[in-house]
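Survey of secondary and tertiary structure
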Amino acid sequence: MELKKKALFNEHGDIEVIKRRMINGNTTNLNDFNNMKYSWVSDWYRQAMNNFWIPEEINMNQDIKDYRLLKEAEKTAYDKILSFLIFLDSIQTANLPYIGEYVTANEVNLCLTIQAFHESIHSQSYGYMLDTICSPQERLGILYQWKDDEMLLSRNKFIGDLYNAFQENKDAFTLARVMVANYILEGIYFYSGFMFFYNLGRNGKMPGSVQEIRYINRDENTHLWLFRNILLELQKEVPDLFTEEKKEAYRAMIRQGVEEEIRWGKYVIGDEIDGLTSQMIHDYVKYLGNLRSQGIGLGVLFEGYEEEPASMEWVSKYSNANMIKTDFFEARSSAYAKSTALVDDL
């Protein structure tokens, strides 16, 4: 299916909201907050803007001590999972502008721009964590572990190759695949990676790292919500992108993402870390796969994993940056990182 790159300046663009489309529209690129086709954008925008936080405001003094006292398996997992998260946020920052070049709903492009800003804050946060707890040489080794760790390189390649495919083949189906890849990254990979840090937290370790991850997690909730809505709008506007054959391609991507994450979890965490087992990871990631697949209308992919595993219910508590629920699929946020921010129930 043809995909048209939008003009930066388009004097002949449509000004009628009813004509606005997610892709292949005729946009003027004018940002008008009073005329939005996609009503959910207004709530998303306010939530994302009010989520502002500064990584350096979080105290990492206890982490400096705890990092040196972590068990070998915990330190190895901390370094490798952090390296993976750093890669994910970095590639997100780089890829989002390319998606925006073909999104012709100006209000959605505003959201993509904010997301890219969030991802850069996350990279800053990871850098702050590393600068605080380890030496420059250790920091460099963690940043580029994928150069020497074949399993980590394989994790990076799954998403990286999907993103690269869009650079080589700019058609509508490839863009939809990139959006599903983004959804997998935000809704499965990040959630699974954050789980490890929350487990450290419930064991009384690395409290600064846990709080940094909580704020990052809250941002990623909004990003997940954004791409879920984009995909749902595309299903209505471009049904040809969601034929049964194409849906099966998206399902296959989610299945592979789940399998990759389970394999990675067994490799990096296994059964050597207090509070986690490879079976817990297996069950939780399959549950996440079902949650995300159902969220975009693709149904259950893994029978028997439709409910959150009882052994992982603690994750929701630790993922709450303000001790509230912030998952947009289950509850609305009512507080923000900055105490001076206006409370706004979406």
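So, how was this worked out
Residues numbered from 1 in each chain as written. Predicted model: local features only at pLDDT ≥ 70, side-chain atom pairs only at ≥ 80, totals over all residues. Heavy atoms only, no water. Helix = DSSP H or I, 4+ residues; strand = E, 2+ residues; numbered from the N terminus. Buried < 20%, exposed > 50% of the residue type's maximum accessible area, 1.4 Å probe, protein only. Axes fitted to C-alpha atoms, helices over the stretch in contact; angles between N-to-C directions. Parallel < 35°, antiparallel > 145°, perpendicular 65-115°, else oblique. Left-handed = near helix turned anticlockwise from the far one by under 90°. Phe/Tyr/Trp six-rings, centres within 6.5 Å; stacked < 30°, edge-to-face > 60°. Lys NZ or Arg CZ within 6 Å of the ring centre and 35° of its normal.

Next up on the list: unusual backbone geometry. For N29, which is not glycine, the phi dihedral falls at a positive 70°. Structurally, N29 can be placed in the segment before α1 (40-50). Classification of N29 by relative accessible area gives partly exposed; the value is 22%. For M206, which is not glycine, the phi torsion reads 55° and is therefore positive. Turning to its location among the elements, M206 is positioned in the loop between α7 (172-202) and α8 (207-237).

A word on the packing of helix α3 (residues 72-100) against α7. When two helices pack together, you describe them by how their axes are tilted relative to each other and by the distance separating the axes. In the contact formed by α3 and α7, the axes pass within 10 Å of each other and the chain directions differ by 155°. It follows that α3 is roughly antiparallel to α7 by the angle criterion. As for how α3 packs across α7, the hand of that crossing is left-handed.

One pass over the structure, following the stated rule, counts 18 aromatic pairs. Between Y38 and W40, the aromatic rings sit 6.3 Å apart at their centres with planes inclined by 50°, giving tilted as the arrangement. W40 gets classed as buried once you look at its relative accessible area, which sits at 13%. Relative to F117, the ring of F52 lies with its centre 6.4 Å away and its plane at 10°, an arrangement referred to as stacked. Taken as a pair, F52 in the loop between α1 and α2 (61-69) and F117 in helix α4 (residues 106-133) lie far apart in primary sequence, 65 residues in all. Here a set of aromatic residues connected by ring pairs shows up, and it is made of F84, F158, Y189, W264 and Y267. The ring of F166 carries K170 above its face, with NZ or CZ at 5.5 Å from the centroid. The ring of F173 is capped by K246, whose NZ or CZ atom sits 5.4 Å from the centre of that ring.

Bear in mind that shape data such as this cannot, by itself, settle questions of function.
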